[in-house]
There are 4 protein chains.
Amino acid sequence: MFEEYTNGNLPNLKEMKAKNYDNIDASQEPDVHGIAVLTSGGDAPGMNATIRAIIRAGINSGYKMMGVTRGYHGLWKGEIKELGSRDVSETLQRGGTFLMTARSKSFETPEGVLQGAKMCQVFGVDCMVVVGGDGSFRGARDLARIGIPVIGIPGTIDNDVACTEYTIGFDTAMNTAMEAIDKLRDTASSHERCSVIEVMGRHAGYIALNVGIATGAEIILLPEQPWDINEVVRTILACRNKGKRHYIVIVAEGAGSATEIAKQIEEATEIESRPTILGHLQRGGSPTLRDRTMASLMGVHAIECIKNKKMNRLVVYKNGEITDVDIEEGLSLQKTISMEDLERSKLLT
Amino acid sequence: MFEEYTNGNLPNLKEMKAKNYDNIDASQEPDVHGIAVLTSGGDAPGMNATIRAIIRAGINSGYKMMGVTRGYHGLWKGEIKELGSRDVSETLQRGGTFLMTARSKSFETPEGVLQGAKMCQVFGVDCMVVVGGDGSFRGARDLARIGIPVIGIPGTIDNDVACTEYTIGFDTAMNTAMEAIDKLRDTASSHERCSVIEVMGRHAGYIALNVGIATGAEIILLPEQPWDINEVVRTILACRNKGKRHYIVIVAEGAGSATEIAKQIEEATEIESRPTILGHLQRGGSPTLRDRTMASLMGVHAIECIKNKKMNRLVVYKNGEITDVDIEEGLSLQKTISMEDLERSKLLT
Amino acid sequence: MFEEYTNGNLPNLKEMKAKNYDNIDASQEPDVHGIAVLTSGGDAPGMNATIRAIIRAGINSGYKMMGVTRGYHGLWKGEIKELGSRDVSETLQRGGTFLMTARSKSFETPEGVLQGAKMCQVFGVDCMVVVGGDGSFRGARDLARIGIPVIGIPGTIDNDVACTEYTIGFDTAMNTAMEAIDKLRDTASSHERCSVIEVMGRHAGYIALNVGIATGAEIILLPEQPWDINEVVRTILACRNKGKRHYIVIVAEGAGSATEIAKQIEEATEIESRPTILGHLQRGGSPTLRDRTMASLMGVHAIECIKNKKMNRLVVYKNGEITDVDIEEGLSLQKTISMEDLERSKLLT
Amino acid sequence: MFEEYTNGNLPNLKEMKAKNYDNIDASQEPDVHGIAVLTSGGDAPGMNATIRAIIRAGINSGYKMMGVTRGYHGLWKGEIKELGSRDVSETLQRGGTFLMTARSKSFETPEGVLQGAKMCQVFGVDCMVVVGGDGSFRGARDLARIGIPVIGIPGTIDNDVACTEYTIGFDTAMNTAMEAIDKLRDTASSHERCSVIEVMGRHAGYIALNVGIATGAEIILLPEQPWDINEVVRTILACRNKGKRHYIVIVAEGAGSATEIAKQIEEATEIESRPTILGHLQRGGSPTLRDRTMASLMGVHAIECIKNKKMNRLVVYKNGEITDVDIEEGLSLQKTISMEDLERSKLLT
């Protein structure tokens, strides 16, 4: 399908779109023999479990399975090798991704996409399974548009992929943050302090909201909702007047700086306030049960899609079950967060 | 509504049904001032978080909140006291239930139910919130039938309540089992053994199925599915022939005895096999994030039902969100487990 | 003994020393009936377990036991109350200190010390048990010098008390840091990054050294040992040349800034480098087995000292067993860290 | 030294002893070039960290390092291969032993020992480092007696090696047991039950004693101390009379059967009593900080012994520091447990 470009005649994506490559007819897909998997974007706990599920379900379904190292960057460089069933032994419970991941600017150009597609051809990759977030799926969609069938699986700690209610890594990241905050509460309580904790989430407050509810935070600040330092101060003082002796403030990184907020609270209330930035430790750790089962079943689902010749799909969790949506459709959605749950959290302090 | 019985004229439940007490018209409910909460049946991690959410959301909504100790047994004995906002401080992260729980045979009789209803009247309990499983909800339904409005919240580690996709405690119990099995795998691997692990689930295999997938078990045995020891042995030998050096067998307690199965495997394969019965430790521990958020939001939902005069409801998790169903309807459903997921797990070894 | 000062005639400590109050003769101590316990300085996991052990061993030995809230600040204000055996139920496994702790400048003056001593007299405190670090022990020594018998128990996460090989909280803090770094390694490995982690220890590198060994850190930077950024860079490049793909640098807070070091490494090596400041979360959490047993047995030892009329002692861990030293002698020692172990750690990369 | 036997002339050990092979003169040892490591007996967390430390410290000191799989059984079969620095990457934090372990009856005969010694010669093993318990050290001593220099490192969860105060794996096993019992307490408390927990320790009560103190057990039963069921019952009833609502009984496996004891308690007191056998899960899990640092520094110490031509030594932890003793002397000692600490534990309930 993209042979016309493989002799050095590089198209741009607009031109390819004009030729309707974005409406790939799945019924015309060539038979799939070789499947590769790559992980892309920020790593997330459960990525290894996802790779393992794809590789094993693929092998047990008769495919030749391959792994790409370092995400799209590695694809572009041809870092592709066959993986057997034993190669993914003892990976289910490991954090991170043994295929490694990277951000590749070069892949965002038509030349980069085409280079990736060529490598698929060279290595006999008839379908590429991509584990990552929206950015990674856009890369997959670009591959699909020039004829490499793809399947996407949502793997990112932020849960910020619109077409799915769950992304692999989200549960582990939240439990990691929660356990850290449980510890911070011990010391905040001993010293009668206010603890201001910055959790991951540059654009999405899912971690902050859920972790805030799970740790009984007095205040939860999200990027999706404007907030006012005066109301933060009022709430803390109201809690003190109710007899509380320590205070937990959760702030998503996109909603403000824990260091700055702690300073403002201390100045306004004279309650000793300490910031903590949880940072990258939320990315690591052995995946929780939820992430391991979700990774395992989504991985199997990806192979089921390929077996059923349903290509260019995103595996998603929707209404309590694992299913799939068209990749273009999935990428066009907008995600919203439940402001009702934020209001409900205020009834719990 | 049941005043006619409070002077010692005890009816039986059949007679009460004849008088149509089982079709309580919510619009005729008296205004609710006092609400009590009790936990019943086997304890589950997150019960404390549920109590906390109910008490705080209730107080913040203007109700007088009470706690009943020792479940229906305590209700029957009048072990009811007011709980304030500070009384549930530092309970969110604690395992178990500080209200304690018990099994009460006496409550299953009409006299017992009526005695409970009387105690509600004596203490000004206008609505009773019951946290537990199906058995506990049947007790609640009996109270509802003689005029005490009730709300049920599913709290049991087994996830065996038909009307809801999730019960509080399930996630923690599974993570506890999973972490124990991760450790057992270390030693099974060092000694090249087969480890046969019995997890909770007398009638339902939800824990076994999910934990089996999450730990990469070679074999998962459920009470819902007949199994054959010869096939177990064949699978283990097939895994050995593929190059595996250790084997994990997960058996729900209702599906067989780990001790017996380990013996049979060792006899048939000469692979050293060791049984472990995880038992009650699956009931304890600080709740996971999922159980804490579910407990918190289900607790708030219970109070929202009461505010909206929706009585005799079970709070449930359905299609990815928290909602509620009529208690009689909820109790009439039958739960099934996904045999597809069991088949999928076989693709992962 | 200090009655002459209780009518408002405040001495200064120098004057008291001249009167030889610092050579208290234990054989002249009045019989002890009431014992109080306070926690002081930074909180540490296991402080609750220590309080519990003191209170229970004291009650079971026939004493009246009391607790002082907010450390010396609370003593000064008379925040003292009797504690029974049930008051310390369920505290063994809790992080922090339920008696709370505070830093009190006012106590450092002779007036403050005398005010504290008066409160002891008012509440019938015949001996004060102080759980904390060197600063807290100096406060205890001041009390001892004007006639209030004291016992000190080392409780601080930093292990920086010279007279003892172990301080309560040290093991938990190190395990907390280690578990966080295990997670950071997952993500450093997935992205092939350098992770620079700042752990607690303003003046002492015990946490950094042990945690560095336990996490396989490529580089460990201690406050006790000058270091050179060029050598740090050379070591990382040498590791890269050996085939390593990720790098862990542990820096005690007193040895440098993780943020600054990460920047320098990235600039010099072009290896992506990320700082993490673990901060206060190292103070919290349920104590490990070592901290719980040490807390329990040191608490019992404190009561054994009092029973044997050995006053003004510090309970210490020395040569593998719990024993005690004179408080003045204990405070005069200087602690050193093992530079041999730092050298040994370099053999492990 | 044993060349006379390598042509098929098999001696028995008695004969070898007569020739004074058990008094090897270290000054006559040949230069060491190749060192092998094996793990033997029951596996313990931290064995991997020990192997890693030996291999890396050995390589960094200029030796050729080898690993033997399956303990003495593998030695006998010649399962020996060179290990490089990268081969032990990512093992520090893993439970179990990647070299695997086994029990080998055949090695207990003179023929077996000689066969092992031959294999050392064949593969160029000039010194064998053995990680295990007393049984494993006796195997090492037998090797030493016929001329293969050995170093032993104590690795067993039971801490039952007389010449050392600490064995690698002990701390992790105890923390694992403690965390399980913390969970069991949650549910015992919710149901007002007695929980009887069997921990590892067939002949030694170290785990039971320390875990009992760390979990606040009402009763601790050790193999080293006879006990009486009537006193157990009296203690539980006394605790009930003091107001306790749940009870923890810890029993070392060598001291009795949890199932039987639970039955007897329930019969005598009518308090619902539940047994739990923690079993093999105490063997697994990522090692704690203490086990990782002890493993790392003991591993380095083993290599330091070899560098200093101190052969046939056991690495031990004594009076708070890592040192070494002669293997024959070490094996001749008897270990005792502190009955004072058992008495102290009774002051804490």
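Residues numbered from 1 in each chain as written. Chains lettered and ligands numbered in written order. Predicted model: local features only at pLDDT ≥ 70, side-chain atom pairs only at ≥ 80, totals over all residues. Heavy atoms only, no water.

Draft legend 1. Summary view of the overall build of chain A. What chain A contains, in helices and strands, is 12 helices and 11 strands. Taken over C-alpha atoms, the radius of gyration comes to 23 Å for chain A, in line with the 20 Å a tight globule of 349 residues would show. Taking all 349 residues of chain A together, the buried fraction comes to 64%. Sequence-distant contacts, at least 24 apart, represent 74% of the contacts inside chain A between residues at least 6 apart. Carbon together with sulfur atoms contributes 45% to the accessible area of chain A, which is approximately 12,400 Å² in total. Separation between the mean location of the 39 positive side-chain charges and that of the 46 negative ones in chain A comes to 3 Å. (Helix = DSSP H or I, 4+ residues; strand = E, 2+ residues; numbered from the N terminus. Rg over C-alpha atoms; globule rule 2.2 N^0.38 Å. Buried < 20%, exposed > 50% of the residue type's maximum accessible area, 1.4 Å probe, protein only. Contact = heavy atoms within 4.5 Å. Areas by Shrake-Rupley, 256 points an atom, 1.4 Å probe, with all protein chains shown as cover. Lys, Arg positive; Asp, Glu negative; His and termini not counted. Charge placed at Lys NZ, Arg CZ, Asp CG, Glu CD.)

Draft legend 2. Inspection of the pairing of strand β4 (residues 127-132) of chain D at higher detail. All names here are of chain D. Among the 6 residues in β4, 6 count as buried, and that is most of the element. With burial as the criterion, each face of β4 is covered, one bearing Cys127, Val129 and Val131 and the other bearing Met128, Val130 and Gly132. Sheet topology places strand β1 (residues 34-39) next to β4; 5 bridges connect them, and they run parallel. By the bridge assignment for β4, valine 37 is matched with valine 129. Looking at chain direction, β4 and strand β5 (residues 150-154) are connected through 5 bridges and run parallel. From the neighbouring strand, glycine 132 faces β5, where its bridge partner is proline 154. (Pairing = 2+ DSSP bridges.)

Draft legend 3. Quick peek at the sheet that holds strand β2 (residues 64-68) of chain D. All names here are of chain D. Read from one edge of the open sheet, 7 strands run β3-β2-β1-β4-β5-β10-β11, paired in mixed fashion. Every interior strand has two partners, whereas the edge strands, β3 (80-82) and β11 (321-326), have only one. Strand-to-strand twist in this sheet, taken as the mean axis angle between neighbours without regard to direction, amounts to 25°. Bridge analysis of β2 against β3 gives 3 bridges, and the strand direction is antiparallel. Paired with methionine 66 across the strands is glutamate 82, a residue of β3. (Axes fitted to C-alpha atoms, helices over the stretch in contact; angles between N-to-C directions.)

Draft legend 4. Local environment of the relation of the copies chain A and chain B. With an RMSD of 0.0 Å, chain A superimposes on chain B once it is rotated by 180° and translated 0.0 Å along the axis. Accordingly, the operation relating the two chain copies is best matched by a two-fold axis. When C-alpha distances to the rotation axis are compared across chain A, the minimum falls at Asn319(A), with a value of 2.0 Å. A shared binding surface is used by both copies, with 100% of the interface residues of chain A retained as interface residues in chain B. (Least-squares fit on C-alpha atoms with pLDDT ≥ 70 in both.)

Draft legend 5. Quick peek at the relation of the copies chain D and chain C. Superposing chain D onto chain C takes a rotation of 180° combined with a translation of 0.0 Å along the rotation axis, leaving an RMSD of 0.0 Å. Mapped onto chain C, 100% of the interface residues of chain D again fall at the interface, so both copies present the same surface.

Draft legend 6. A look at the side chain of Ser136(A). All names here are of chain A. Assignment of secondary structure puts serine 136 in helix α5 (residues 134-145). With relative accessibility at 5%, the residue serine 136 sits in the buried group. Aside from chain neighbours lying at most four places away, what touches serine 136 is Ser40, Gly41, Tyr72 and Val130.

Draft legend 7. Just the interface of chain A and chain B, in detail. With 46 residues of chain A in contact, the opposing surface of chain B contributes 46 residues. Here chain A and chain B share an interface that buries about 3,900 Å² over both sides, 54% of which is from carbon and sulfur atoms. The interface formed by chain A and chain B contains 4 salt bridges. Between Asp182(A) and Arg292(B) there is a salt bridge whose closest N-O contact spans 2.7 Å. The interface formed by chain A and chain B contains 14 residue pairs in polar contact (both at pLDDT 80 or more). Listed by contribution, the elements that provide at least two residues to the side of chain A that touches chain B are α2 (47-60), α6 (170-191), α7 (206-214), α10 (289-307) and α12 (339-346) of chain A. In terms of residue class, the side of chain A that touches chain B is made up of 14 nonpolar, 16 polar and 16 charged. (Buried area = accessible area lost by both parts, 1.4 Å probe. Salt bridge = Lys/Arg side-chain N within 4 Å of Asp/Glu carboxyl O. Polar contact = N/O pair within 3.5 Å; in protein donor to acceptor, adjacent residues only side chain to side chain. Nonpolar A, V, L, I, M, F, W, Y, C, P; charged D, E, K, R; others polar.)

Draft legend 8. Structural detail: the interface of chain D and chain C. The interface is formed by 46 residues belonging to chain D together with 46 residues belonging to chain C. Around 3,900 Å² of area is buried between chain D and chain C when both sides are counted, 55% of it from carbon and sulfur atoms. Considering only the side of chain D, the residues that lose the most area to chain C are Leu289(D), Leu347(D) and Leu348(D), jointly responsible for 18% of the buried surface there. Inspection of the region where chain D meets chain C yields 4 salt bridges. Between Glu304(D) and Arg344(C) there is a salt bridge, and its shortest N-O distance comes to 2.9 Å. Where the side of chain D that touches chain C is concerned, the elements lending two or more residues are α2 (47-60), α6 (170-191), α7 (206-214), α10 (289-307) and α12 (339-346) of chain D. For the side of chain D that touches chain C, the class distribution of residues is 14 nonpolar, 16 polar and 16 charged.

Draft legend 9. Spotlight on the state of the cysteines. All names here are of chain C. Applying the stated criterion across every chain yields a total of 0 disulfides over all chains. Of all cysteine sulfurs in the structure, the one in cysteine 127 sits closest to cysteine 305, which takes part in no disulfide; the separation is 9.2 Å. Taking relative accessible area as the criterion, cysteine 305 reaches 3% and is therefore assigned buried. (Disulfide = S-S within 2.5 Å.)

Draft legend 10. Just the sheet that holds strand β7 (residues 219-221) of chain B, in detail. Residues and elements named next belong to chain B. Strand order in the open sheet formed by 4 strands is β7-β8-β6-β9, and the pairing between neighbours is parallel. In this open sheet, the two edge strands, each paired with only one partner strand, are β7 and β9 (273-277). Each neighbouring strand pair of the sheet contributes to a mean axis angle of 15°, computed without reference to strand direction. Direction of pairing for strand β6 (residues 194-199) relative to strand β8 (residues 247-252): parallel, over a ladder of 6 bridges. Paired with isoleucine 197 across the two strands is isoleucine 250, which belongs to β8.

Draft legend 11. Looking closely at the confidence of the model for chain A. Residues and elements named next belong to chain A. Confidence in the prediction of chain A, expressed as mean pLDDT, is 92, and 91% of residues score 70 or more. Of the regions scoring below 50 in pLDDT, residues 1-14 engages in 30 contacts with residues more than four places distant in sequence or in other chains. pLDDT under 50 marks residues 17-27. Its contacts with residues more than four places away, or in other chains, come to 20 contacts. Scored as a whole, the predicted complex attains pTM 0.94, and scored at its interfaces, ipTM 0.92. (pLDDT = per-residue confidence, 0-100.)

Draft legend 12. Inspection of the environment of Arg290(B) at higher detail. Structurally, the position occupied by Arg290(B) is in helix α10 (residues 289-307). C-alpha separation for the pair Arg290(B) and Asn319(B), spaced 29 residues apart in sequence, amounts to 16 Å.

Draft legend 13. Structural context of the packing of aromatic side chains. Throughout the structure, instances matching the rule amount to 8 aromatic pairs over all chains. When the ring of Tyr72(A) is compared with that of Phe107(A), the centres are 4.4 Å apart and the planes differ by 20°; the resulting orientation is stacked. In this pair, Tyr72(A) is assigned in helix α3 (residues 71-77) and Phe107(A) in the loop between β3 (80-82) and α4 (110-123), connecting sequence segments 35 residues apart. For the pair Tyr72(A) and Phe107(A), one class covers both residues: buried. Of note, Lys335(B) hangs over the ring of Tyr206(B), and the distance from its end group to the ring centre comes to 4.9 Å. (Phe/Tyr/Trp six-rings, centres within 6.5 Å; stacked < 30°, edge-to-face > 60°. Lys NZ or Arg CZ within 6 Å of the ring centre and 35° of its normal.)

Draft legend 14. Broad picture of the domain arrangement of chain A. Residues and elements named next belong to chain A. What the domain assignment reports for chain A is domain 1 (2-168 + 287-332) and domain 2 (171-283). Averaged C-alpha coordinates put domain 1 and domain 2 at centres separated by 36 Å. Counting residues at the interface gives 13 residues for domain 1, matched by 11 residues for domain 2. Regarding the contact of domain 1 and domain 2, the summed buried area is about 1,000 Å², with carbon and sulfur atoms giving 54% of it. Looking at the side of domain 1 facing domain 2, the largest losses of area belong to Ile157, Asp158 and Thr288, adding up to 48% of the total buried there. Put simply, domain 1 and domain 2 have 0 salt bridges between them. Counting the contacts that link domain 1 with domain 2 gives 6 residue pairs in polar contact (both at pLDDT 80 or more). Here the side of domain 1 that touches domain 2 is composed, by residue class, of 5 nonpolar, 3 polar and 5 charged. (Domains from an automatic or database assignment.)

Draft legend 15. Summary view of the nonpolar core. Counting 171 residues, the largest nonpolar core has Ile306(C) and Ile306(D) as its most contacted members. Those residues in contact with Ile306(C), other than ones at most four positions away along the chain, are Val32(C), Ile35(C), Tyr63(C), Cys127(C), Val129(C), Ile151(C) and Met311(C). In this structure, Tyr166(A), Val199(A), Leu221(A) and Ala214(B) belong to the second largest nonpolar core, which totals 169 residues. (Core = buried A, V, L, I, M, F, W, Y, C linked by side-chain atoms within 4.5 Å.)

Draft legend 16. Summary view of a negative patch on the surface. Residues Glu179(A), Glu179(B), Glu179(C) and Glu179(D) make up a contiguous surface patch of negative charge. Along the chain, the position of Glu179(C) falls in helix α6 (residues 170-191). You can call Glu179(C) partly exposed: its relative accessible area is 43%. (Patch = residues over 30% accessible without salt bridge, like charges linked within 9 Å, V, L, I, M, F, W, Y side chains within 5 Å.)

Draft legend 17. Quick peek at the side chain of Thr39(B). Residues and elements named next belong to chain B. For threonine 39, the location among the structural elements is in strand β1 (residues 34-39). On the basis of relative accessibility, which here comes to 0%, the residue threonine 39 falls in the buried class. In terms of polar contacts, threonine 39 uses its side chain to reach the side chain of threonine 97, at 2.9 Å. Here the side chain of threonine 39 touches methionine 100 through a polar contact of 2.9 Å, landing on its backbone oxygen. Non-local contacts of threonine 39, meaning those with residues more than four positions away in its chain, are made with Met47, Ile51, Gly71, Thr97, Leu99, Met100, Thr101 and Val131.

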